[in-house]
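Structural description and commentary
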Amino acid sequence: MAPRATWKGYLKLSLVSCPVRLYPATSSSERISFNQLHKDTHNRINMKPVDPEIGLVDRSDLVKGYEYEDKKYVIIEEADLESVRIESNHTMNIEAFVDEDDVDVIYQDSPYYLAPDGAMAEETFVVLREAMRKSGKLAIARLVLSSRERVVTIGSRDNGMFVCTLRNPSEVRGTAEYFGNIPAGKPEPEMLQLAEALIKQKLTKFDPKNYEDRYEIALMNMIKEKLKGHKPIIAAAPERGNVINLMDALKASLGQSKPPAKSKGKSEAAEKPAAKLTAVAGGKSKAKK
């Protein structure tokens, strides 16, 4: 079954345009979800709309309303929404190009894939895709999704394009409220060097397959055990270990992070493993009671 497009329209750069389709780049269908059931009958509960005056109502009787004052609404019909026509309803008009690093990650919202709409659009689409790929830039455009105009970035990805909606600046909170009381002073050079060395030891190439949802897996295992009539297996919490000062913790962490030797003698294998360490900001040593 072919994927269903979220939006159809035109991608436009100056006088050049081509029909395109927009598809969600992510899906939550594989996530474990639960239904609300009655505790005795185990029947699934239906959420039905209720009017406080007349009780249950049919969904066909529901209309959209905008609250302009407390408990006062203006009714919005579908025809009213259709009358609000701007260019981005059906056209992604590229307004500018920017460096990828210029777009702060905090503004990035939902990802989409963009593909040509039909064989006749492919030539123009490929030209625009390759031009952006060679320039190494992201396009800035707008489109209307879910009854609101969204600013988006557009870039090349594989044989298609990648679109990401951007949050409105009013939706992004400032940092002062959260970081204002954090000291800006420089740490001790030796501790900083140890921390940087620890980072280098843990450098790797990111592969999302290495970071599967362990909670989701444990949840599914629990469900399978319940289906078999078994009691859920309770996982033990990791030991916290002793609390020592930050300098010692950094040094010990560097020692633990070293790659294992290719071969070990019996005497080395019999050695007791190093105790787990936890750093405490402030530098004082504390023993766990």
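Let me begin by describing the structure that accompanies this report. (Residues numbered from 1 in each chain as written. Predicted model: local features only at pLDDT ≥ 70, side-chain atom pairs only at ≥ 80, totals over all residues. Heavy atoms only, no water.)

Considerations on the overall build of the chain
When its secondary structure is counted, the chain shows 7 helices and 14 strands. The buried share of the chain, reckoned over its 289 residues, is 19%. Of the contacts made within the chain by residues no fewer than 6 positions apart, 64% connect residues no fewer than 24 positions apart. With the model as given, the accessible surface of the chain reaches about 23,900 Å², and the carbon-plus-sulfur share is 53%. (Helix = DSSP H or I, 4+ residues; strand = E, 2+ residues; numbered from the N terminus. Buried < 20%, exposed > 50% of the residue type's maximum accessible area, 1.4 Å probe, protein only. Contact = heavy atoms within 4.5 Å. Areas by Shrake-Rupley, 256 points an atom, 1.4 Å probe, with all protein chains shown as cover.)

Some remarks on the sheet that holds strand E1 (residues 7-13)
With respect to topology, 8 strands assemble into an open sheet ordered E7-E1-E2-E9-E12-E11-E10-E8, the strand pairing being mixed. Each end of this open sheet is capped by a strand with a single partner; those strands are strand E7 (91-93) and strand E8 (96-99). Taking each pair of neighbouring strands and ignoring which way they run, the sheet shows an average axis angle of 40°. Sheet topology note: the E1/E7 ladder contains 3 bridges and is parallel. Opposite Leu11, over in E7, you have Met92 as the bridge partner. (Pairing = 2+ DSSP bridges. Axes fitted to C-alpha atoms, helices over the stretch in contact; angles between N-to-C directions.)

Some words on the packing of aromatic side chains
Describing an aromatic ring pair means giving the distance of the ring centres and the angle of the ring planes. Tallying each qualifying case throughout the model produces 2 aromatic pairs. Where Phe206 meets Tyr211, the ring centres are 5.6 Å apart and the plane angle is 15°; that geometry is what we call stacked. Summarising the burial analysis for this pair, Phe206 and Tyr211 share the class exposed. The residue whose ring lies beneath Arg157 is Phe162, and the NZ or CZ to ring-centre distance is 5.3 Å. (Phe/Tyr/Trp six-rings, centres within 6.5 Å; stacked < 30°, edge-to-face > 60°. Lys NZ or Arg CZ within 6 Å of the ring centre and 35° of its normal.)

Notes on the pattern of salt bridges
Under the criterion given, the structure shown has 13 salt bridges. Here Glu130 makes a salt bridge to Arg129, at a shortest N to O gap of 2.8 Å. Residue classification places Glu130 among the partly exposed residues on the basis of a relative accessible area of 26%. One connected set of salt bridges, linked through shared partners, spans Glu95, Arg142 and Glu149. (Salt bridge = Lys/Arg side-chain N within 4 Å of Asp/Glu carboxyl O.)

Quick notes on unusual backbone geometry
With a phi angle near 60°, His42 is a residue other than glycine that sits in the positive phi range. Assignment of secondary structure puts His42 in the loop between strand E2 (16-24) and strand E3 (50-51). Here His42 falls in the exposed class, since its relative accessible area comes to 55%. The phi torsion at Lys71 lies on the positive side, around 65°, for a residue other than glycine. Of note, Lys71 is situated in the loop between strand E5 (64-69) and strand E6 (72-76).

Observations concerning the nonpolar core
By size, the foremost hydrophobic cluster in this structure holds 21 residues, and its most contacted members are Leu11, Val20, Leu22, Met92, Leu114, Ile154 and Met161. Those elements giving two or more residues to this core turn out to be E1, E2, strand E9 (108-116), helix H2 (122-135), strand E10 (137-145), strand E11 (148-157) and strand E12 (160-166). Ranked by residues supplied to this core, first place goes to E10 with 4 residues. Ignoring sequence-local partners within four residues, the contact set of Ile154 consists of Leu11, Met92, Ile94, Leu114, Met132, Lys137, Leu138, Ala139, Ala141, Met161, Phe162 and Val163. By size, the runner-up hydrophobic cluster in this structure holds 6 residues, among which are Leu198, Met247, Leu250 and Leu254. (Core = buried A, V, L, I, M, F, W, Y, C linked by side-chain atoms within 4.5 Å.)

Considering the pairing of E1
The two faces of a sheet get side chains in turn, since along a regular strand they alternate between them. For E1 and E2, the ladder comprises 7 bridges, and the chain directions are antiparallel. By the bridge assignment for E2, Trp7 is matched with Leu22. Hairpin geometry of E1 and E2 is characterised by an intervening segment of 2 residues between the two adjacent antiparallel strands and by a positive phi of about 60° at Ser14.

Some points on helix H6 (residues 246-256)
Residues Met247, Ala249, Leu250 and Leu254 constitute the buried set of H6. Projected onto a plane normal to the axis of H6, the buried residues spread over an arc of 165° and lie on a single side. Here H6 starts with a cap whose side-chain oxygen sits 3.2 Å from the backbone nitrogen of Met247, and that cap is Asn245. (Arc of directions from axis to C-beta. Polar contact = N/O pair within 3.5 Å; in protein donor to acceptor, adjacent residues only side chain to side chain.)

Quick notes on the side chain of Arg129
In this fold, Arg129 is placed in helix H2. Assessed through its relative accessible area of 10%, Arg129 is described here as buried. Non-local contacts of Arg129, meaning those with residues more than four positions away in its chain, are made with Ser156, Asp158, Asn159, Gly160 and Met161.

Structural measurements only, silent on function.
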